[in-house]
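Analysis of the macromolecular model
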Amino acid sequence: MSAPASPRPFTYDPPPAGPLPIVHVDDHILVLDKPAGLLTVAGNTPELADCLEARVLARYPGATMIHRLDMDTSGLIVLALNPRAHAHIGKQFEKRLTRKSYIALVWGQMAAAAGRVDQPMKSDWPNRPKQHVDPIDGRPAITDWQVLETGADHTRLRLMPLTGRTHQLRVHMAFLGHPILGDNLYAPEDALAASERLCLHAETLEFRHPDGGEWMSLRSAVPF
């Protein structure tokens, strides 16, 4: 594998605003299919004001974010439309009662058909916003993975995070020596150049509905 890449220069060029990519909506929750390249919440400068949250609030003024996806990650995200729904689903995330799976394209071929990465993580403060594995001071971080398809120089995986650390899937795959294609922070030059986007998509999301407890199982088509 090549040496670590110099990150692509950061320029925020969000996808054009249009109709909200609604997967499900009712009186309590809103589930969207976030496009890659769009911040979940606004940054701290005016040029980073356009984000999923701002676009949602223009149509649903009472909506609140329960969890986030990285700017470059696409896929399913659930928002609350009232405080009770926010508390109910937020507690499910906190207690790890939700189920999430992601699809990723990673560099190289995996040595096994499935596995688990159990490597604590913490912020890499000198190199923010990067995170890194830290077995001593890191917080618990666990990711299960399963091979779906093997190509000549990359592998399609299903990733199932059991915890929700920042950049967890990206760091864990890089730790294994199989960084996600197009990863501007953690991929070496060859894996970075293999895709114009981060090949990470939140494909499925499962949780109990805040009104009545019905088990919700939602899916988004993978765009790569």
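Everything below is about the structure printed above this text.
Described below are features of the structure shown in this document. (Residues numbered from 1 in each chain as written. Predicted model: local features only at pLDDT ≥ 70, side-chain atom pairs only at ≥ 80, totals over all residues. Heavy atoms only, no water.)

1. Digging into empty space enclosed by the protein
Filter applied, for reference: Each cavity reported here is a set of points on a 1 Å grid over the protein atoms alone in which a 1.4 Å probe fits but cannot get out, each pocket an open set with protein on both sides within 12 Å along at least five of seven lines, and each lining residue one with an atom within 4 Å of a point. Grid points are joined across faces, edges and corners, and a volume is the space filled by probe spheres set on the points. Comment: elements are numbered from the N terminus, with helices defined as DSSP H or I runs of at least four residues and strands as E runs of at least two.
Within this structure, the stated rule accounts for one cavity of 30 Å³ or more. There is about 30 Å³ of room inside the largest cavity. Taken together, H67, L69, L76, K100, Y102, A202, T204 and L205 make up the full set of residues lining the largest cavity. Only β5 (99-107) and β11 (200-208) provide two or more residues apiece to the lining of the largest cavity.

2. Notes on the side chain of D124
Put simply, the rule is: Note on exposure labels: buried denotes an accessible area under 20% of the residue type's maximum, exposed denotes more than 50%, and partly exposed covers the range between, all computed with a 1.4 Å probe on protein chains only. Positive charges are assigned to Lys and Arg, negative charges to Asp and Glu, while His and the chain termini are left out of the count. In what follows, salt bridge is the name for a side-chain nitrogen of Lys or Arg lying within 4 Å of a carboxyl oxygen of Asp or Glu. Should any heavy atoms of two residues lie within 4.5 Å, those residues are counted as being in contact.
Position of D124 relative to the elements: it lies in the loop between β7 (121-123) and β8 (131-133). Among buried charged residues, D124 stands out as having no salt bridge; its nearest opposite-charge side chain is K130, 5.4 Å away. Beyond its immediate chain neighbours, meaning those up to four positions away, D124 contacts K130, Q131 and H132.

3. Notes on the pairing of strand β12 (residues 215-219)
Inclusion rule: Here the rule is simple: two strands pair whenever DSSP picks up at least two bridges between them.
Side chains M216 and L218 project from β12 onto a buried face, and the interleaved W215, S217 and R219 project onto a face without burial. Pairing of β11 with β12 involves five bridges; the strand directions are antiparallel. The partner of T204 across the bridge, within β12, is R219. Hairpin remark: β11 followed by β12, antiparallel, with six residues in the connecting loop; positive phi at G212, about 110°.

4. Notes on the pairing of strand β1 (residues 22-25)
Of the strand pairs in this sheet, β1 and strand β2 (residues 29-34) are connected by three bridges, and their pairing is antiparallel. Residue I22 lies in a different strand from β2, and its bridge partner there is L32. Counted along the chain from β1 to the antiparallel partner β2, the turn is three residues long.

5. Some words on helix α2 (residues 83-94)
This is how the line gets drawn: The span you would expect from a helix comes to 1.5 Å times its residue count less one. By arc we mean the arc of the directions from the helix axis to the C-beta atoms, nothing more.
Taking 1.5 Å as the rise per residue, α2 with twelve residues should run 16 Å; its terminal C-alpha atoms sit 16 Å apart, in good agreement. Among all positions of α2, only A85, I89, Q92 and F93 are buried. Here the buried residues of α2 occupy an arc of 100° about the axis, which is enough to place them on one side. Turned more than 90 degrees away from the buried face of α2, the exposed residues are P83, R84 and E94. As for α2, its buried residues are in contact with β2, β4 (74-80), β5 and β11. Looking one or two residues beyond α2, the residue adopting positive phi is R96, at roughly 60°.

6. A closer look at unusual backbone geometry
With the exception of glycine, the majority of residues adopt a negative phi angle, and the majority of peptide bonds are in the trans configuration. Cis peptide bonds are those with omega within 30 degrees of zero, and the linkage from R128 to P129 qualifies with 10°. Of note, P129 is situated in the loop between β7 and β8. The backbone of R96 sits at a positive phi, close to 60°, despite the residue not being glycine. Secondary-structure assignment places R96 in the loop between α2 and β5. Phi at H167 takes a positive value of approximately 60°, unusual for a residue other than glycine. In this fold, H167 is placed in the loop between β10 (154-161) and α3 (168-175).

7. Quick look at the pattern of salt bridges
In total, this model carries seven salt bridges according to the counting rule given. Across the pair E203 and R158 runs a salt bridge, and its minimum N-O distance is 3.2 Å. Placement of the pair is E203 in strand β11 and R158 in strand β10, with a sequence separation of 45 residues. What makes R158 partly exposed here is its relative accessible area of 21%. For E203, the salt bridge is made with R219, and the minimal N-O distance between the two is 3.0 Å.

8. As for the environment of D124
On the basis of relative accessible area, D124 is assigned to the buried category, the value being 13%. Along the backbone, D124 and D50 are 74 residues apart, and their C-alpha atoms lie at a distance of 27 Å.

9. Concerning the nonpolar core
The line we're drawing: Take the buried Ala, Val, Leu, Ile, Met, Phe, Trp, Tyr and Cys residues and link them wherever side-chain atoms come within 4.5 Å; each set so joined is a nonpolar core.
One finds L32, V56, L79, L159, M173, I180 and L200 to be the most contacted residues of the largest nonpolar core, which totals 42 residues. Secondary structure elements with two or more residues in this core: β2, α1 (52-59), β4, β5, β10, α3, α4 (189-193) and β11. Among the elements that make up this core, the one with the highest residue count is β5 (six residues). If sequence neighbours within four positions are ignored, L79 has contacts with H28, I29, L30, L32, V56, A63, T64, M65 and I66. Core analysis: the second largest hydrophobic core is formed by 13 residues, V31, L76, A85 and I89 among them.

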